[in-house]
Amino acid sequence: MSTELFDQISPENRTEVETYCVTTLFARARQATLLAPLGTLFIFWVVHTTANLPLAIGWMIVNSLPDALTFALSTWYQKNPPSAERIAASHNWQIALRILQGLCWGSAVVVFHVPAIPPRLTT
């Protein structure tokens, strides 16, 4: 929401709008975590033949932990919307979880890096 639009809302209604926006964020985060296992399984399928199998399974588990935490937290916040004083804190938790999820997904590049095989010299 733009600052100009938010400034047009009366102060007594701002808490209601903020609560609605954060609740919508929780609903979307919950939906995203329902689809995240598909991406995790796809990456596992792509790398399971070239990467060490325990490493691939470990990455799947570590990558699924922030998703599970986001799902649980978003479900709880949807059923129990935060009070006006807790909106900023609950929003910050969601941001922290998004950062953690991004780091877990990005770790696939490092975890599944396979060194280049030097080309054979033909004689």
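The rules behind each value
- Residues numbered from 1 in each chain as written.
- Predicted model: local features only at pLDDT ≥ 70, side-chain atom pairs only at ≥ 80, totals over all residues.
- Heavy atoms only, no water.
- Phe/Tyr/Trp six-rings, centres within 6.5 Å; stacked < 30°, edge-to-face > 60°.
- Helix = DSSP H or I, 4+ residues; strand = E, 2+ residues; numbered from the N terminus.
- Buried < 20%, exposed > 50% of the residue type's maximum accessible area, 1.4 Å probe, protein only.
- Axes fitted to C-alpha atoms, helices over the stretch in contact; angles between N-to-C directions.
- Parallel < 35°, antiparallel > 145°, perpendicular 65-115°, else oblique.
- Nonpolar A, V, L, I, M, F, W, Y, C, P; charged D, E, K, R; others polar.

A.B. asks: I tried to follow the packing of aromatic side chains on my own but got confused; where do I start?
C.D. replies: Per the counting criterion, the structure on display carries five aromatic pairs. Plain terms: the ring middles of Phe26 and Tyr77 are 4.8 Å apart, the flat faces sit at 15 degrees to each other, and that makes the pair stacked. Pair noted here: Phe26 is in helix H2 (residues 11–47) and Tyr77 is in helix H3 (residues 53–79), with a separation of 51 residues, a long-range link. Of the residues examined, Phe26 reaches a relative accessible area of 0% and is grouped as buried. Taking the centre distance of 6.0 Å and the plane angle of 40 degrees together, the rings of Phe42 and Trp45 count as tilted. Of this pair, Phe42 and Trp45 both sit in helix H2, three residues apart, roughly one helical turn. Classification of Phe42 as exposed rests on a relative accessible area of 51%. The exposure class assigned to Trp45 is exposed, which follows from its relative accessible area of 58%. Linked through ring pairs, Phe26, Trp76 and Tyr77 together constitute an aromatic cluster.

A.B. asks: Got a minute to help me understand the packing of H2 against H3 in this structure?
C.D. replies: Helix packing geometry: the angle between the two helix axes and the distance between the axes. Closest axis-to-axis distance for the H2/H3 pair is 8 Å, and the angle between their directions is 170 degrees. Classified by the angle their axes make, H2 and H3 are roughly antiparallel. In terms of residue class, the contact of H2 with H3 is made up of 16 nonpolar, nine polar and two charged.

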